[in-house]
Each structure stands twice: as structure tokens, then as C-alpha cells.
Amino acid sequence: MVSPLLMNIALHGIETEIREAFSYKENVPHIIRYADDLVILHPTEAGVQKARQLLETWLSTMGLELKPSKTKITHTLWEYQGQVGFDFLGWTIRQFPVGKTHTGKNPRGKPLGFKTIITPSKEAVKRHLVAMKVVVERNRHAPQGKLIHERNRVNRGWANYHRRTVAAKTFQTCDNVLYLQLRRWAKRRHPHKGGHWIANKYWHVQEGKGWQFRSQETTLWKHSQAHVQKHIKVKGAASPYDGDLLYWSQRLKNHPLCNGVKGVLLHKQQGKCRWCGLLFQDVDVIEIDHITPKSEGGGEELSNKFLLHRHCHDERHARRVKGICDKDPIIEEPDAGKLACPVLKPSGGGDPFA
């Protein structure tokens, strides 16, 4: 669809125009825009009204206007015109009064007395539950494996989108509804069978996970498997291409995509590749390699793993194929401050990464 691109082109510069119309004493508004969806945040109603007038004037020069049914003014903490908070991109943004131990803080560290909570909106949850039902109904007579495959695709996409919000309870609700839908699907297929027979046919005990809706080929992926991980906002106007490798390597160590073994190894290696010695950046492809290959008796323990850039990973194995070293090399940690080439030494000298 080309319409989002055209809206980005048409509205380019509106944020700067509105901010420059406010003086420092008036409090400059915060503007968040995604294509044609726009939110303006300001501590006073007068500031919001002023920004709205500026926006309407800007749009009128291009023959556009705000849609009244989708435009509203609300307060995120207290009730205003019968409403509290607002929905944006499938999320509900609200603020709640809390005590001093849970309060949010302003940029200067002063307690605010409230906390901002972002959750999946009721409309987004309702649309997802309908989509879940459609998939189950469409596969009423399909094999279990086909149903699981289509359900997993819908579940993963929706849950991964909302996992950055406070969504644990919402995920649990969706899983409960999904179980009821699947139970109804199974009973329809076998109206003359008892509940125990149906459960034993379609639900199986998986070690450490309890009863799972699964076939011989695949297992149903539940919403609760998308563990909630809060997004950490990028500092200021920082960019992966601004040369601040220290900031991006530290951010990468806490990146949601680098949890588990990869996250532990990033902390262990101080965010550096053990082949080239350079700091990882947010755009790098990072791979796990074995110091001693499994084909030579190496195990899956953490001490036998380390992280490399993908191209460094390829170079390391290319050296082994060409027989540069008699044994698989272990890469020493480069000296600090040097853009080092890999330093090789025969294996057997202990683990240099401990």
C-alpha cells in the first residue's frame, strides 16, 4: 500500500512546525506520529488546543482536515469528558496514581506521583479473538497439524507485537479463550466420544510444560510464551550510524533479541566480537560458535561458546577448512583499544574467555 508513504511525505515537517510555534515558557509539546496517526501531548488543555489549531491550519493548505470522529482531547491521569487515557496503534495509554516506591520520575529525577501503563487496547483484543475464531472455524474439518500451523502464525504475530506492553494478563485471557475454542473444535469432530478420550487424542503431556495441544509434527504456540519485555527508548537522537559504538554495544547487551545464552555471552565478552575485537552494533548479525566443535567432542556448555559477527564466523571456519592451523584455533581476547586482527594459538591452553 502506498497510502502510508504518501501520508509520511505530506505530513513531513508538521512536528517541527508545531514545536517552533511554542515558546520555552509554554512547554513544548511532544508529538508522536505514525503515518496518519498522530498524538500530541501537553500538560495543559490550552496547549493541546493551540497545537490542534496549528495542525488544522497546516492540513488545510493541502486540502486535508482532521476527522472529527477520530479526533479527541483527553487526560491520561484524570477523567475528562467521561474518558481517561487514549488508544494509539492498538494500545491503551493511561496513567495511574501510585505511591513513592512505584512512581515514575521526570527527566530531572523528581517523583511524579503516577505511573504510565500501556496495555493492549480492548478493540485490539476483540479483533484478535475474532481472528482466532475465524481460523478455528475455517479448519473445522482440517487435520490438527494444519490448524496448529495457522493458529501459531496468528498467535506469534499478535503476541510479539504487544509483548513490549503490560500484556501478561491479556495473554493469559487469550490463552483461556483459545483453549475453549479448541475444546469446542475437538468435540464437534467427535460428538459421540467422552471428554477423556478427546483430551488424550489432541492434548498430550510434554515434559516440563504440562498438557499441550499438539500433533506428531508440531505444538500449539501460546500467547504467554511471548514473555513481556519492556522496550528501552533510544537515548536522544542517537543512531547506530553516529559512531557511538560504546552506547550501542551497551544497549545491545540488554536487547530483547539477545536474551538467553546470547545475552549472557554478550555480558561476558563486554559487547565485543572475539574474532575481530570490535564492539557489536545494533544492526550487526551475531552468531554463536563453539570453541571446540561438537564433531571433535565439544559440548553445549557455556564455556565452550562465544559470539562472533556472521562474517567473522565465516572467516574462522574458512581458515579451518584451508588448514591454516593444525588444530582448531582459540581466539585470544584482543588488547584493549586495538582494532586487532585475530590472534591464534593452538587449542589446549585453557579457556581464555572465563
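Here the structure is a predicted model, which means the values were calculated and not measured. (Residues numbered from 1 in each chain as written. Predicted model: local features only at pLDDT ≥ 70, side-chain atom pairs only at ≥ 80, totals over all residues. Heavy atoms only, no water.)

A. Structural view of the sheet that holds strand β4 (residues 91-97). The strand order β3-β4-β5 describes an open sheet built from three strands, whose pairing is antiparallel. Lying at the two open borders of the sheet, with one neighbouring strand each, are β3 (86-88) and β5 (114-120). Averaged over all adjacent pairs, the angle separating strand axes in this sheet is 30°, with direction ignored. Here three bridges tie β3 to β4, and the two strands are oriented antiparallel to one another. In the sheet register, Phe88 faces β4, and the bridge partner there is Trp91. (Pairing = 2+ DSSP bridges. Helix = DSSP H or I, 4+ residues; strand = E, 2+ residues; numbered from the N terminus. Axes fitted to C-alpha atoms, helices over the stretch in contact; angles between N-to-C directions.)

B. Up close: unusual backbone geometry. Residue Gln81 is not a glycine yet carries a positive backbone phi of 55°. Tracing the backbone through its elements, the reader meets Gln81 in the loop between α3 (45-60) and β3. In this structure, Leu89 is a non-glycine residue whose phi angle is positive, near 55°. Looking at the element boundaries, Leu89 is found in the loop between β3 and β4.

C. Quick peek at the nonpolar core. Among the nonpolar cores identified, the biggest contains 14 residues, and Leu147, Leu182, Trp185, Tyr202, Trp203 and Phe213 are the most heavily contacted of them. Sorting the residues of this core by element identifies α4 (122-138), α5 (144-162), α6 (168-189) and α7 (195-202) as the ones contributing at least two each. Excluding anything up to four places from it in sequence, Leu147 contacts Val135, Val136, Asn139, Leu182, Trp185 and Phe213. Judged by nonpolar contacts, the second largest core, of 12 residues, contains Trp275, Phe280, Phe306 and Leu308. (Core = buried A, V, L, I, M, F, W, Y, C linked by side-chain atoms within 4.5 Å. Buried < 20%, exposed > 50% of the residue type's maximum accessible area, 1.4 Å probe, protein only. Contact = heavy atoms within 4.5 Å.)

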